[in-house]
Amino acid sequence: MAFALSLAGPVAAQDCPRGDLDKQFCDVDGDLIADTPTDPADQVDPDTLIFAYTPVEDPAVYKEAWSDFLTHLEAETGKSVVFFPVQNNAAQIEAMRSGRLHIAGFNTGSNPLAVNCAGFNPFTIMASKDGNFGYEMEIITYPGSGIEKVEDIKGKQLAFTSPTSNSGFKAPSAILKGDFDMLPERDFEPVYSGKHDNSILGVANKDYMAASIANSVKARMLSRDVITEDQVKVIYKSQTFPTTGFGTAHNLTPELKENIRNAFFNFDWEGTSLQAEFEKSNEGQFLPMTYKVFWDVIRKIDTANGVSYSCE
């Protein structure tokens, strides 16, 4: 399976180590992410920074949730910061690849594509105050659906979110194939909802019989009373995966990158709009991370699914 994205952007092949990265990038230090361009003329230091959060739920909710952090980011960088609502993962990746997006949170499954095709440099994830992080993929149904265990989905419908989502497609596809010998089309009818909240609402309202979702999104929807506990039930829960990775475009100046990193790590969550939204999923700090280590399990899932990071 190849996610071939038609992405605009500069393509200047260089003679350098790059691993799986697109030909316009280099990875001399072997950390699996694109290096900052060595020529200062290829580095950018924009007056206005564009920030985008992964398109998992209602963008209006998250524009408000991120408002206090973005004010802090403006103070730390001395620049204007604009929240850019994106509708899907491909649009978010394309925006960074084409130079229209400078700081972003890419969801778990799209991180490898963003890294390899758009030069995304992730360096942090959200974690609880005690340092725990991540979420689980759950397969959910509604009470009375006739589905009590995973095997009961055979001959029925299962809602995925989108092909670039880890918990909404990649992980369940690998698990269903490897652990249950179940394949889409052959054993069940796959449908695509577009987003986790669509899948969760679809099951709660009995539009979908079952769906694979990120339980962190479900937790926030329960906290906002979008759904109630008695509308859905869990029939499968996976191992823990890293959650949304935050970082910058690879070609920002080193000084700007450092100021942005500092803004994430010295942000005081207490009493902010960010805390109000993300404490619903027990998150309360930004934890330093590396793509090479934290996303190892996700790259293995991609390999199991035959995914290639094609940027054509």
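Residues numbered from 1 in each chain as written. Predicted model: local features only at pLDDT ≥ 70, side-chain atom pairs only at ≥ 80, totals over all residues. Heavy atoms only, no water.

Position of Gln285 relative to the elements: it lies in strand β11 (residues 285–288). Using a relative accessible area of 23% as the deciding quantity, one classes Gln285 as partly exposed. The spatial distance from the C-alpha of Gln285 to the C-alpha of Phe267 is 8.3 Å, given a sequence separation of 18 residues. Non-local contacts of Gln285, meaning those with residues more than four positions away in its chain, are made with Ile125, Met126, Ala127, Ser128, Lys129, Asp130, Gly131 and Trp269. (Helix = DSSP H or I, 4+ residues; strand = E, 2+ residues; numbered from the N terminus. Buried < 20%, exposed > 50% of the residue type's maximum accessible area, 1.4 Å probe, protein only. Contact = heavy atoms within 4.5 Å.)

Helix length check: helix α5 (residues 166–180), at 15 residues, gives a terminal C-alpha distance of 18 Å against a target of 21 Å (1.5 Å per residue), a shortfall beyond 12%. Taken as a whole, α5 carries its principal kink of about 30° at Pro172. With a side-chain oxygen positioned 2.8 Å from the backbone nitrogen of Gly168, the residue opening α5 is Ser165. The first or second residue beyond α5 is Asp181, which carries a positive phi of 50°. (Expected span 1.5 Å × (residues − 1). Bend = angle between axes of the 7 residues up to and from the residue. Polar contact = N/O pair within 3.5 Å; in protein donor to acceptor, adjacent residues only side chain to side chain.)

Our next topic: the sheet that holds strand β10 (residues 245–249). Taking strand neighbours across the sheet as the criterion, the six strands line up as β2-β1-β3-β10-β4-β11 in an open arrangement whose pairing is mixed. Each end of this open sheet is capped by a strand with a single partner; those strands are β2 (80–83) and β11. For this sheet, the mean angle separating the axes of adjacent strands, direction not counted, is 30°. Relative to β2, strand β1 (residues 48–53) is paired through four bridges, and the arrangement is parallel. Note that in β2 the partner of Ile50 across the bridge is Val82. Packed onto the sheet, helix α8 (residues 254–265) meets β1, β3 (103–106), β4 (120–127), β10 and β11 and runs at close to 10° relative to β4. (Pairing = 2+ DSSP bridges. Axes fitted to C-alpha atoms, helices over the stretch in contact; angles between N-to-C directions.)

The tally for this structure, following the rule as stated, stands at two disulfides. Across the disulfide, Cys16 is cross-linked to Cys26 (sulfur-sulfur distance 1.9 Å). Taking the sign of the torsion about the S-S bond as the criterion, the disulfide between Cys16 and Cys26, at about -90°, is left-handed. Of this pair, Cys16 sits in the segment before β1 while Cys26 sits in the segment before β1, and the two are 10 residues apart along the sequence. Here the two residues Cys16 and Cys26 agree in accessibility, since each one is buried. One disulfide bridge connects Cys117 with Cys311, the sulfur atoms lying 2.2 Å from each other. Judged by the sign of its S-S torsion, about -80°, the cystine formed by Cys117 and Cys311 is left-handed. Here Cys311 lies in the segment after α11 (296–304) and Cys117 lies in helix α4 (residues 111–118), a separation of 194 residues in the sequence. Relative accessible area serves as the criterion here: at 0%, Cys117 is assigned to the buried category. (Disulfide = S-S within 2.5 Å.)

What follows is about the packing of helix α3 (residues 89–97) against α4. For the pair α3 and α4, interaxial distance at closest approach is 9 Å and the crossing angle is 25°. It follows from the interaxial angle that α3 and α4 lie roughly parallel. For the crossing formed where α3 meets α4, the hand is right-handed. Each of Ile93, Met96 and Arg97 in α3 lies in contact with α4, whose residues at this interface are Leu113, Ala114, Cys117 and Ala118. For the contact of α3 with α4, a count of residues per class yields six nonpolar, no polar and one charged. (Parallel < 35°, antiparallel > 145°, perpendicular 65-115°, else oblique. Left-handed = near helix turned anticlockwise from the far one by under 90°. Nonpolar A, V, L, I, M, F, W, Y, C, P; charged D, E, K, R; others polar.)

Okay, α11 next. Side chains three or four residues apart in an α-helix point the same way, a direct result of the helix having 3.6 residues per turn. Those residues of α11 not exposed but buried are Ile298, Arg299, Ile301 and Asp302. Projected onto a plane normal to the axis of α11, the buried residues spread over an arc of 155° and lie on a single side. In α11, the exposed positions that point more than 90 degrees away from the buried face belong to Lys300, Thr303 and Ala304. Against α4, α5, β9 (233–241) and α10 (291–294) lie the buried residues of α11. One or two residues past the end of α11 sits Gly306, with phi positive at roughly 70°. (Arc of directions from axis to C-beta.)

It is worth spelling out the packing of aromatic side chains at this point. Tallied over the full model, the rule gives 30 aromatic pairs. Taken together, a centroid distance of 6.0 Å and an interplanar angle of 45° make the contact between Phe169 and Tyr192 tilted. With a gap of 23 residues between them, Phe169 in helix α5 and Tyr192 in strand β7 (residues 189–192) connect regions that are remote in the sequence. (Phe/Tyr/Trp six-rings, centres within 6.5 Å; stacked < 30°, edge-to-face > 60°.)

Where helix α6 (residues 196–204) contacts helix α7 (residues 215–223), the axes come no closer than 10 Å and their chain directions differ by 65°. Considering how the two elements wind past one another, α6 and α7 form a crossing that is right-handed. Listed contacts from α7 to His196, Asp197, Ile200 and Leu201 of α6 are Val217, Lys218 and Met221. Among the residues forming the contact of α6 with α7, the class breakdown is four nonpolar, one polar and two charged.

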